[in-house]
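Now for the letters of each chain:
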Amino acid sequence: RGAALSIAAVVNFSMNVVVTAVQPTLLSAITPSGVFFTYAILCVVSLAFVTTVVPETKGKTLEEIETLLTGRRGTSKIGV
């Protein structure tokens, strides 16, 4: 769990740096309204991805979420 949070933080920070570095080039290439609509389209695509692919986890325990996301069913540690 800690490793996943670390990776998410690094990816988030890296993408913020990329967006900040590319922003002036995009503004001069496709105008401010073009940049806005490009980001709007990316938001719509992201929303579609989340609503269709990411499973609902509200009201589930961490164990149920782990089973749901890893696809493991009925694993037991008895006799190990």
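Refer to the structure presented above.
Residues numbered from 1 in each chain as written. Predicted model: local features only at pLDDT ≥ 70, side-chain atom pairs only at ≥ 80, totals over all residues. Heavy atoms only, no water.

1. Here's the deal with a nonpolar patch on the surface
Stage number 1. A cluster of nonpolar side chains, I7, V11, M15, V18 and V22, forms an exposed patch at the surface whose accessible area comes to about 430 Å².
Stage number 2. Turning to its location among the elements, M15 is positioned in helix α1 (residues 2-53).
Stage number 3. Judged by its relative accessible area of 46%, M15 is partly exposed. (Patch = residues over 30% accessible without salt bridge, like charges linked within 9 Å, V, L, I, M, F, W, Y side chains within 5 Å. Areas by Shrake-Rupley, 256 points an atom, 1.4 Å probe, with all protein chains shown as cover. Salt bridge = Lys/Arg side-chain N within 4 Å of Asp/Glu carboxyl O. Helix = DSSP H or I, 4+ residues; strand = E, 2+ residues; numbered from the N terminus. Buried < 20%, exposed > 50% of the residue type's maximum accessible area, 1.4 Å probe, protein only.)

2. Describing the environment of A29
Stage number 1. Within the secondary structure, A29 sits in helix α1.
Stage number 2. With relative accessibility at 58%, the residue A29 sits in the exposed group.

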